[in-house]
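Structural features, examined
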Amino acid sequence: MSAAKRQSARAAVIFALALVVLGALVGLLTVALSVAVDGGASLFAERPQLVWLLPVAGLCSYGAYRAIGLDFSWSTARVMKAVRDGRPVPPLLAPAIIAGTALTVLCGGSVGKEAAALQMGAAASGLLSRSAPERFRAMLAPAAMGAALGAMLDAPLAGVVFSFEALRRRPDSLAALVAPAVTSFASWGVSQAMGVRFLPDSLSVPDPWGAFFSGNSLAVGQTAGALLLFVAVGAAAGLAALAFCRALEKLRGGLARLGAPVFALAVGGVATALVVGYADLFHYEDVRSYCGMGLLQIEAALAGEALPWWAFIVKAALTLLTLAGGFKGGEIMPVLAVGACLGAAVFSAASLLLPASILGVVGASRSLGALVGMVAFFSACTNCPLTSLVFAGELFGFASLPATIVAMVPAYLVAHRVSLYPTSLERMRGRCHFDPVMAGHDAS
């Protein structure tokens, strides 16, 4: 074997070891993030009055970022842009986003931990960048981001797909294709071994085919009714995603005009506290349950429990206030919660308005509506339909794909020009899209 081949083989072995170590590190950080955020959520459930301290939590996060020399404007969108452009992400962002997300959830902010895990993964990759061969270094950050998302969502394959789709990049070599797979499954294995779950094992997820069919066949009219219902959920998800992303753009832009991020944090925190406080005053105590990550709404909707028709509106409004205010945390879990509530609401309305002869057993399945709405809304908000399909297949079984595809097509057609992440919008369109990084709190 020539010296060049020996050197290349050695570099490949070092890179493979770096990927395994990075995946394990991301898995451990995922566990740390989950423990911290779940602990904050438990404390808020016991003491909902903590919502009045949400502005203080935001200011504490801001102070922590400044104390360790981090720009407070580091968001998931900014991290993804940096990774796509090959720019470094500071390693200190990993502990900072864990602490910031936990503080936000502790005081009732409507954020999740999945998108925060993306930031954490990209930051962790910087710790191993020097140990990897130079030609492989650019692959570490996308692989770490996919690993973090896959571990948090219980969907390692979805994490692999997301690492390519969200950054709009194509694998240019076998190593680029293998890297996110190795890190994602290593991270997922660590998180599973340590008990991190997206949904509890006791939750019985809906079986789309079981709802679709009674006996061996379904009447033509009922088939058409079911398909129209899925299309309706998709169209509603697309319109809701369009409104959600545009509203976030306007709110962020308006609060950015206040100047320093501390003013936006104060306004967003006070507004959220007032919404929850006035809801309690008028005996709508259930509104406080829509604070936090949204896992309660996801579990209830997938279990087929009856939720108020306005559940998706309240969850979306609280999420908009929290994200626009600049509080640290992720967007993905609240987005999944909004979609689940929206899908369940559409199915519930259809079961009241349309005859059973048209809908069949599908119309009565709120859990199926929640599944389809959750995936369609997630796809529309992130502009990542392939990731959404793989996520649905891994979590709910690949029998769910026909129903989710029917819903995702209209959702994508309605909302394909907006996204929470500017990197997931095709640059080849040549149009100027909203960039939440520039409209956010870069004034810090």
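To be clear, the structure that these remarks concern was listed above.
One structure accompanies this document, and this report is about it.

Procedures and definitions
- Residues numbered from 1 in each chain as written.
- Predicted model: local features only at pLDDT ≥ 70, side-chain atom pairs only at ≥ 80, totals over all residues.
- Heavy atoms only, no water.
- Helix = DSSP H or I, 4+ residues; strand = E, 2+ residues; numbered from the N terminus.
- Buried < 20%, exposed > 50% of the residue type's maximum accessible area, 1.4 Å probe, protein only.
- Contact = heavy atoms within 4.5 Å.
- Areas by Shrake-Rupley, 256 points an atom, 1.4 Å probe, with all protein chains shown as cover.
- Core = buried A, V, L, I, M, F, W, Y, C linked by side-chain atoms within 4.5 Å.
- Patch = residues over 30% accessible without salt bridge, like charges linked within 9 Å, V, L, I, M, F, W, Y side chains within 5 Å.
- Salt bridge = Lys/Arg side-chain N within 4 Å of Asp/Glu carboxyl O.
- Phe/Tyr/Trp six-rings, centres within 6.5 Å; stacked < 30°, edge-to-face > 60°.
- Lys NZ or Arg CZ within 6 Å of the ring centre and 35° of its normal.
- Axes fitted to C-alpha atoms, helices over the stretch in contact; angles between N-to-C directions.
- Parallel < 35°, antiparallel > 145°, perpendicular 65-115°, else oblique.
- Left-handed = near helix turned anticlockwise from the far one by under 90°.
- Expected span 1.5 Å × (residues − 1).
- Nonpolar A, V, L, I, M, F, W, Y, C, P; charged D, E, K, R; others polar.
- Lys, Arg positive; Asp, Glu negative; His and termini not counted.
- Charge placed at Lys NZ, Arg CZ, Asp CG, Glu CD.
- Polar contact = N/O pair within 3.5 Å; in protein donor to acceptor, adjacent residues only side chain to side chain.

**So, the overall build of the protein chain**
In terms of helices and strands, the protein chain carries 19 helices and zero strands. Within the protein chain, buried positions represent 54% of all 444 residues. Restricting to contacts in the protein chain with at least 6 residues of sequence separation, those with at least 24 account for 80%. Accessible surface computed for the protein chain: about 17,800 Å², of which carbon and sulfur atoms make up 67%.

**What about the nonpolar core?**
Grouped together as the largest cluster of nonpolar side chains are 133 residues, with contacts concentrated most on Val89, Phe198, Ile298, Leu336, Phe377 and Phe391. Among the elements that make up this core, the one with the highest residue count is helix H14 (residues 332–353) (13 residues).

**A word on a nonpolar patch on the surface**
Together, Trp52, Val270, Leu274 and Tyr278 make up a nonpolar patch on the protein surface, roughly 410 Å² of accessible area in all. Its location among the elements puts Leu274 in helix H11 (residues 261–281). On the basis of relative accessibility, which here comes to 37%, the residue Leu274 falls in the partly exposed class.

**With respect to the environment of Leu395**
Secondary-structure assignment places Leu395 in helix H17 (residues 385–396). Between the alpha carbons of Leu395 and Ala155 there is a distance of 6.7 Å; along the sequence they are 240 residues apart.

**As for the packing of aromatic side chains**
Considering all chains together, one arrives at nine aromatic pairs under this definition. Taking 6.1 Å as the distance between ring centres and 50 degrees as the angle between the ring planes, the aromatic pair formed by Tyr290 and Trp310 counts as tilted. Taken together, the residues span a long stretch of sequence, with Tyr290 in the loop between H11 and helix H12 (295–302) and Trp310 in the loop between H12 and helix H13 (311–324) at a distance of 20 residues. A relative accessible area of 23% means that Trp310 is categorised as partly exposed. Where Phe391 meets Phe396, the ring centres are 6.3 Å apart and the plane angle is 80 degrees; that geometry is what we call edge-to-face. Each of the two residues, Phe391 as well as Phe396, counts as buried. Three or more aromatic residues joined by ring pairs make a cluster, and in this case those are Phe198, Phe378, Phe391 and Phe396. For the cation-ring pair, Arg78 lies above Trp74, with the distance from its terminal atom to the ring centre recorded as 4.1 Å. Above the face of the Phe72 ring, Lys328 is positioned so that its terminal group lies 4.3 Å from the ring centre.

**A closer look at the packing of H17 against helix H18 (residues 401–415)**
Where H17 meets H18, the closest approach of the two axes is 10 Å, and the angle between their N-to-C directions is 155 degrees. Here H17 is positioned roughly antiparallel relative to H18, judged by the angle of their axes. When the axes of H17 and H18 are compared, the crossing they make is right-handed. Here Pro385, Ser388, Leu389, Ala392 and Gly393 of H17 lie close against H18, whose contacting residues are Leu401, Thr404, Ile405 and Met408.

**With respect to H17**
Look at H17: 16 Å from first C-alpha to last across twelve residues, which is about the 16 Å you get at 1.5 Å a residue. Buried within H17 we find Thr387, Ser388, Leu389, Phe391, Ala392, Gly393, Leu395 and Phe396. Where H17 is buried, its residues meet helix H6 (140–153), helix H7 (156–165), H12, H14, helix H16 (366–382) and H18. Directly beyond the C-terminal end of H17, a positive phi value near 95 degrees is found at Gly397.

**Notes on the side chain of Glu165**
With respect to the helices and strands, the residue Glu165 is situated in helix H7. Apart from the residues within four sequence positions on either side, Glu165 is in contact with Asn383, Cys384, Pro385, Leu386, Thr387 and Ser424.

**What to know about the packing of H12 against H14**
Packed helix pairs are characterised by how far apart their axes lie and by the angle those axes make with each other. In contact at an axis separation of 8 Å, H12 and H14 are set at 35 degrees when each is read in the N-to-C sense. Crossing geometry of H12 relative to H14 is assigned as left-handed. Contacts from Leu295, Gln297, Ile298 and Ala301 of H12 reach H14 at Met333, Leu336, Ala337, Ala340 and Cys341. Class assignment for the residues of the contact of H12 with H14 results in eight nonpolar, one polar and no charged.

**Some points on the pattern of salt bridges**
Taken as a whole, this structure holds five salt bridges when the rule is applied. Residues Asp38 and Lys113 are paired through a salt bridge, measuring 2.8 Å at the closest nitrogen-oxygen approach. Taken together, the residues span a long stretch of sequence, with Asp38 in helix H1 (residues 3–46) and Lys113 in the loop between helix H4 (93–106) and helix H5 (114–125) at a distance of 75 residues. Classification of Asp38 by relative accessible area gives partly exposed; the value is 32%. Among the residues examined, Lys113 registers a relative accessible area of 7% and is labelled buried.

**A short note on a positive patch on the surface**
Judged by side-chain charge, Arg246, Lys250, Arg257 and Arg417 come together as a positively charged surface patch. Checked against the element boundaries, Arg417 lands in the loop between H18 and helix H19 (436–439). We classify Arg417 as partly exposed; its relative accessible area is 48%.

**As for the environment of Ala144**
Among the secondary structure elements, Ala144 is positioned in helix H6. Given the relative accessible area of 0%, Ala144 is considered buried. Linking Ala144 and Val182, residues 38 residues apart in sequence, is a C-alpha distance of 9.8 Å.

**With respect to the side chain of Ser400**
Take Ser400: it is sitting in the loop between H17 and H18. At 2.7 Å, the side chain of Ser400 and the backbone oxygen of Gly397 are in polar contact.

Geometric values such as these leave the question of function open.
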